[in-house]
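Residue-level listing of the chains:
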Amino acid sequence: MEKLGLNEIRSRFLKFYESKDHYVGKSASLIPRNDKSILIINSGMAPLKAYFAGTETPPKKRMCTCQKCIRTGDIDNVGHTARHGTFFEMLGNFSFGDYFKKESLTWGIEFLTEHLGFTMDKLWATVYLDDEEAIGIWKSLGMNPDHIVRLGKEDNFWEIGLGPCGPDSEIFYDRGEEFGCGKPDCKPGCDCDRFLEIWNHVFTQFSKEEDGSYSDLSHPNIDTGMGLERMACVMQGTDSIFDVDTIKYILDGVVEKSGVAYHDGAEPTDVSIRIITDHLRAMTFMIADGIMPSNEGRGYVLRRLLRRAARHGKILGIKDTFLVELSNRVIEVSGEAYPELVEKKDYIQK
Ligand code: GLY
């Protein structure tokens, strides 16, 4: 597999879907619009809910985006594990009442095999319980029938906040036996580290209502999510998002500024270096979108990230201010894809 940079993967994805007649949308702001069910945009589909529900008209019935997202539910794991982060980018292709399962899964395999160099023997798929249609499509695409796994609502039903949701089918990458638990029935869904989920294709047919019930949407849709940092890990043959090219560049800045060596392990200083690296990305993007530190809501999330990053700077022995200086690295590596970072650089740093 070709070792591709994170920025290159994003650009190949968007170009591929543009060639399939998709409108290439800009990432929406991290501040949700007309959606009280979430504080901050946390998935590629979140800013597009009104298009799925049919209450707003999309620029085109086929769309693709790379969406900036923040999730802080697992904030205590950040820095302690290889792949937790509060900030991430989500690649997605979307159909608002246009194509459905067959095209979505077919193009998914075409992109992975012909544009990123995956081979079918390393790919597995999970499907929602009795989704025979998805199973038939996977087989027709050359997926080994032994690599198709049925899982329940917990694993193969996508919903986040209220609104559009539905059963899904996830694509997994087999990293190889050496990463596994060794159990003979090890497969996607197993707790071990062998199978990595790389792409979720959601068949968005329902809307979750405030009382917890589900109603049918007027038309079936497609919503997919491929975590860019995770895909970059696979393409760059690394276990940790902190070793991905663009993120490593920020981490190197933290190391340089603190003068503390990074061992890529569990030492407290390694954890602090990773926490600062992650939080710098989240904070820089949040401020660019107009979020200000405060005592409630989104502002409190930002304030918490700022304080945690500053505290870990102290743990590393950094005496002077450092977050402003290091935000330059975030802007440098992401500024081309997110011009608002460059345009608002002075504001962010102020
Ligand atoms: N919206 C589907 C996903 O992000 O997995």
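Keep in mind that this is a model prediction, so the values were computed, not measured.

**Looking at the overall build of the protein chain**
- Scanning the protein chain for helices and strands turns up 12 helices and nine strands.
- Here the protein chain holds 350 residues, and the buried ones make up 53% of them.
- Considering only contacts within the protein chain whose residues lie at least 6 apart along the sequence, 68% involve residues at least 24 apart.
- Here the protein chain has roughly 15600 Å² of accessible surface; of this, 48% comes from carbon and sulfur atoms.
- Computing the positive centroid from 43 side-chain charges and the negative centroid from 55, the protein chain places the two 5 Å apart.

**Quick word on helix α4 (residues 132–140)**
- Ala134, Ile135, Ile137 and Trp138 are the residues of α4 that are buried. Angularly, the buried residues of α4 cover 160 degrees about the axis, an arc narrow enough to put them on a single face.
- Those residues of α4 that are buried are in contact with α3 (101–115), β4 (123–128), β5 (148–151), β7 (163–174) and β8 (195–208).
- Positive backbone phi, approximately 90 degrees, marks glycine 142, located one or two places after α4.

**Observations regarding the nonpolar core**
- Leu112, Phe118 and Ile198 are the most contacted members of the largest nonpolar core, which has 82 residues in total.
- Counting residues per element, this core draws most heavily on helix α8 (residues 268–288), at nine residues.
- Here isoleucine 198 is in contact with Leu112, Phe118, Leu123, Ile171, Phe172, Tyr173, Gly225, Met226, Gly227, Met231 and Val234, once residues within four sequence places are set aside.
- Phe52, Phe94, Phe96 and Ile160 belong to the second-largest nonpolar core, a separate cluster that totals 10 residues.

**Let's talk about the packing of aromatic side chains**
- Enumeration over the complete set of coordinates arrives at 20 aromatic pairs.
- Ring geometry for phenylalanine 52 and phenylalanine 94: centres 6.2 Å apart, planes at 70 degrees, overall edge-to-face. Taken together, the positions of phenylalanine 52 in helix α2 (residues 49–53) and phenylalanine 94 in strand β3 (residues 87–95) put the pair 42 residues apart, joining distant regions of the chain. Comparing phenylalanine 52 with phenylalanine 94 shows no difference in burial state: the two are buried.
- On the basis of an interplanar angle of 75 degrees and a centroid distance of 5.6 Å, the ring pair of phenylalanine 157 and tyrosine 214 is categorised as edge-to-face. You can see phenylalanine 157 sitting in strand β6 (residues 157–158) and its partner tyrosine 214 sitting in strand β9 (residues 214–227), a full 57 residues away along the chain.
- An aromatic cluster is built from Phe13, Phe16, Tyr17, Phe111 and Trp199, whose rings are joined through pairwise contacts.

**Focus: the site of the ligand**
- In the vicinity of the ligand, the residues found are Met45, Met90, Trp158, Asn200, Val202, Asp223 and Gly225.
- Interatomic distance of 3.1 Å between a side-chain N/O atom of asparagine 200 and an oxygen atom of the ligand.
- Considered on its own, the ligand offers 200 Å² of accessible surface; in the complex 95% of this is hidden by protein.
- Taken atom by atom, the bulk of the ligand overlaps the largest pocket.

**Some details on the environment of glutamine 67**
- Tracing the chain through its elements places glutamine 67 in strand β2 (residues 62–70).
- Of the residues examined, glutamine 67 reaches a relative accessible area of 2% and is grouped as buried.
- Sequence separation of glutamine 67 and asparagine 42 is 25 residues, and the distance between their C-alpha atoms is 8.9 Å.
- Ignoring sequence-local partners within four residues, the contact set of glutamine 67 consists of Ser27, Ala28, Ser29, Ile41, Ser43, Gly44, Pro47, Phe88, Glu89, Met90 and Tyr338.

**Notes on unusual backbone geometry**
- One non-glycine residue, aspartate 21, lies in the positive phi region at around 70 degrees.
- Among the secondary structure elements, aspartate 21 is positioned in the loop between α1 (6–19) and β1 (23–24).
- Although it is not a glycine, leucine 129 sits at a positive phi angle of roughly 25 degrees.
- Topologically, leucine 129 is positioned in the loop between β4 and α4.

**Topic: helix α7 (residues 245–258)**
- Taking 1.5 Å of rise per residue, 14 residues should cover 20 Å, and α7 covers 20 Å from first to last C-alpha, within 8% of that figure.
- All of the buried residues in α7 are Thr246, Ile247, Ile250, Leu251, Gly253, Val254, Val255 and Ser258.
- Here the buried face of α7 lies against α1, α6 (228–235), α8 and α10 (323–334).
- Backbone geometry just after α7 places glycine 259 at a positive phi near 70 degrees.

**What to know about the state of the cysteines**
- Scanning all chains against the criterion turns up zero disulfides.
- Among the cysteines around cysteine 69, which has no disulfide bond, cysteine 66 carries the closest sulfur, lying 8.2 Å off.
- Residue classification places cysteine 69 among the buried residues on the basis of a relative accessible area of 0%.
- Note on cysteine 181: no disulfide assigned, nearest cysteine sulfur contributed by cysteine 190 at a separation of 3.7 Å.

What counts and what doesn't
Residues numbered from 1 in each chain as written. Predicted model: local features only at pLDDT ≥ 70, side-chain atom pairs only at ≥ 80, totals over all residues. Heavy atoms only, no water. Helix = DSSP H or I, 4+ residues; strand = E, 2+ residues; numbered from the N terminus. Buried < 20%, exposed > 50% of the residue type's maximum accessible area, 1.4 Å probe, protein only. Contact = heavy atoms within 4.5 Å. Areas by Shrake-Rupley, 256 points an atom, 1.4 Å probe, with all protein chains shown as cover. Lys, Arg positive; Asp, Glu negative; His and termini not counted. Charge placed at Lys NZ, Arg CZ, Asp CG, Glu CD. Arc of directions from axis to C-beta. Core = buried A, V, L, I, M, F, W, Y, C linked by side-chain atoms within 4.5 Å. Phe/Tyr/Trp six-rings, centres within 6.5 Å; stacked < 30°, edge-to-face > 60°. Near = heavy atom within 4 Å. Polar contact = N/O pair within 3.5 Å; in protein donor to acceptor, adjacent residues only side chain to side chain. 1 Å grid on protein atoms, 1.4 Å probe; cavity = no way out; pocket = protein on both sides within 12 Å on 5 of 7 lines; lining within 4 Å. Sits in = over half its atoms within 2 Å of the grid points. Expected span 1.5 Å × (residues − 1). Disulfide = S-S within 2.5 Å.

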